[in-house]
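Here is how the chains run, residue by residue.
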Amino acid sequence: MKTVAVVTDSTAYIPGELLDEYNITMVPLSVIFGNESYLEEKEIKAEEFFDQIRNDEDLPKTSQPAIGSFVEAYEKLSEDHKEVITITLSSGISGTFQSAHSAGEMVEGIDVHVFDSEISCMMQGFYVLEAARMAQEGHNGAAILQRLTSMKEKGMPAYFVVDDLSHLHRGGRLNGAQLFVGNLLQVKPVLTFENKKIVPYEKIRTKKKALNKILSLVEEDAKQGEPIKLTVIHANNREEAEKLKDKLEADYSNIEVVLSYFGPVIASHLGEGSIGIGWYRP
């Protein structure tokens, strides 16, 4: 019997080949267009989502996994595992953590530990991949949770630049006047995670200046000389993300960059064209 299984939700946006390589179970969230609901990463991919959203007047809604989806995953894993580590997106922006936790109390024959990443996207994915690596090496649940907690305590900053203010407006996060003034002034909000929630960090004129601000924050950490693992995340603007990746790798020998993406659920809130940068010290 294997010792520890690793479960995460779809918003970690871990490529399918890595899910297979590390035997990670993924429980999807959903995006809803009108009366049609799609399981993220299974029934709708990022490319399809962006095509559909351009042709739909209404902003899609998002939905956390049903408790039953986690129960089903845990019951299957209990056949050949003793423990499960489940890593979810931040409990401050979704009820997924609570669903995973409630499901764990309903399943017998396996110990379920749920870890709140307090973040999302590939930053969440870094926790997941570290847990999966340790599980493959034979570490128990307590050791893996200790490592994840240590990663969180060392800090995992992440910043996002929203390219399209009209998306925030359609989602009710900007009123009409703010949208008009923001577009007139080319304001690009920089967002970050604070106390488990996405909050404004700074409003900056032009996307280039906003990205330069984030790069200056990366530099503050990078100049310390310690190894850094960093992700550049994009919402259907891979070319821009690749340029940032190339720049960071050229500027800093101590930074390893992973390219990732905003999938349907998170992109529903941030909008197409958004860019995120997050990092941690391994």
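Residues numbered from 1 in each chain as written. Predicted model: local features only at pLDDT ≥ 70, side-chain atom pairs only at ≥ 80, totals over all residues. Heavy atoms only, no water.

With respect to the pattern of salt bridges
Thought 1: Taken as a whole and judged by the stated rule, the model has 14 salt bridges.
Thought 2: Close ionic contact of Arg54 with Glu272 constitutes a salt bridge, the shortest N to O distance being 2.7 Å. Of this pair, Arg54 sits in helix H2 (residues 46–54) while Glu272 sits in the loop between helix H11 (264–270) and strand S13 (275–280), placing them 218 residues apart in sequence.
Thought 3: For Glu272, a relative accessible area of 24% corresponds to the partly exposed category.
Thought 4: Salt-bridge contacts for Arg238 lead to Glu242; the nearest nitrogen and oxygen are separated by 2.9 Å. Here the residue Arg238 and the residue Glu242 both occupy positions in helix H10 (residues 238–251), the gap between them amounting to 4 residues, near one helical turn. (Salt bridge = Lys/Arg side-chain N within 4 Å of Asp/Glu carboxyl O. Helix = DSSP H or I, 4+ residues; strand = E, 2+ residues; numbered from the N terminus. Buried < 20%, exposed > 50% of the residue type's maximum accessible area, 1.4 Å probe, protein only.)

What to know about the packing of helix H3 (residues 67–77) against helix H4 (residues 96–104)
Thought 1: With their axes 8 Å apart at the nearest point, H3 and H4 run at an angle of 50° to one another. Taken together, H3 and H4 sit at an angle that is classed as oblique. Where H3 crosses over H4, the handedness of that crossing is right-handed. Contact with H3, carried on its side by Ile67, Phe70, Val71 and Tyr74, involves Thr96, Ser99, Ala100, Ser102, Ala103 and Gly104 of H4 and no other residues of that element.
Thought 2: Residues of the contact of H3 with H4, tallied by class, amount to 6 nonpolar, 4 polar and no charged. (Axes fitted to C-alpha atoms, helices over the stretch in contact; angles between N-to-C directions. Parallel < 35°, antiparallel > 145°, perpendicular 65-115°, else oblique. Left-handed = near helix turned anticlockwise from the far one by under 90°. Contact = heavy atoms within 4.5 Å. Nonpolar A, V, L, I, M, F, W, Y, C, P; charged D, E, K, R; others polar.)

Looking at the nonpolar core
Thought 1: Membership of the largest hydrophobic core comes to 49 residues, with the highest contact counts inside it found for Ile87, Tyr127, Ile144, Leu148, Phe262 and Ile266.
Thought 2: With 11 residues, helix H5 (residues 121–136) is the largest single contributor of residues to this core.
Thought 3: Contact partners of Leu148, with chain neighbours within four places excluded, come to Ile85, Ile87, Phe115, Tyr127 and Ala131.
Thought 4: If you look at the next biggest cluster of nonpolar residues, it comprises 23 residues, including Ile214, Ala222, Tyr252 and Ile275. (Core = buried A, V, L, I, M, F, W, Y, C linked by side-chain atoms within 4.5 Å.)

Digging into the packing of aromatic side chains
Thought 1: Inspection of every chain in the model, using the stated rule, returns 11 aromatic pairs.
Thought 2: When the ring of Tyr13 is compared with that of Tyr261, the centres are 5.4 Å apart and the planes differ by 40°; the resulting orientation is tilted. With a gap of 248 residues between them, Tyr13 in the loop between strand S1 (2–9) and helix H1 (16–21) and Tyr261 in strand S12 (residues 255–261) connect regions that are remote in the sequence.
Thought 3: Classification of Tyr261 as partly exposed rests on a relative accessible area of 23%.
Thought 4: Between Phe160 and Phe262, the ring centres sit 5.8 Å apart and the planes meet at 50°, which makes this aromatic pair tilted. One end of the pair, Phe160, is in strand S8 (residues 158–161); the other, Phe262, is in the loop between S12 and H11, with 102 residues separating them in the sequence. Here Phe160 matches Phe262 in class, with each residue buried.
Thought 5: The rings of Phe33, Tyr38, Phe49 and Phe50 are connected pair by pair, giving a single aromatic cluster.
Thought 6: The side chain of Lys152 reaches across the aromatic face of Phe115, ending 4.3 Å from its centre. (Phe/Tyr/Trp six-rings, centres within 6.5 Å; stacked < 30°, edge-to-face > 60°. Lys NZ or Arg CZ within 6 Å of the ring centre and 35° of its normal.)

Section: the sheet that holds strand S6 (residues 81–88)
Thought 1: Reading across the sheet, the 4 strands line up as S2-S1-S6-S7 and stay open at both edges, with parallel pairing between neighbours. The sheet is open, and its two borders are formed by strand S2 (24–27) and strand S7 (111–116), each paired with just one other strand. Between one strand axis and the next, the sheet turns through 25° on average, direction left out of account.
Thought 2: In this structure, S1 lies alongside S2, joined through 4 bridges in parallel fashion. Bridging from a neighbouring strand, Val6 pairs with Ile24 of S2.
Thought 3: Running over the sheet, helix H6 (residues 141–154) touches S1, S6 and S7 and is turned about 15° from S6. (Pairing = 2+ DSSP bridges.)

Some points on H4
Thought 1: Among the 9 residues that make up H4, 7 are buried, leaving the element largely enclosed by the rest of the structure.
Thought 2: The complete set of buried residues in H4 reads Thr96, Phe97, Ser99, Ala100, Ser102, Ala103 and Gly104.
Thought 3: Residues of H4 that are buried make contact with S1, H3, S6 and S7.

A look at the side chain of His81
Thought 1: Along the polypeptide, His81 turns up in strand S6.
Thought 2: Reaching out from His81, the side chain makes a polar contact with the side chain of Asp80 at a distance of 2.7 Å. (Polar contact = N/O pair within 3.5 Å; in protein donor to acceptor, adjacent residues only side chain to side chain.)

Digging into unusual backbone geometry
Keep in mind that most residues, glycine aside, have a negative phi and that most peptide bonds are trans.
Thought 1: Positive phi values are uncommon outside glycine, yet Asn23 reaches one of about 55°.
Thought 2: Tracing the backbone shows Asn23 in the loop between H1 and S2.
Thought 3: At Asn236, a position not held by glycine, the phi torsion is positive, near 60°.
Thought 4: With respect to the element layout, Asn236 can be found in the loop between strand S11 (228–234) and H10.
Thought 5: Assessed through its relative accessible area of 35%, Asn236 is described here as partly exposed.

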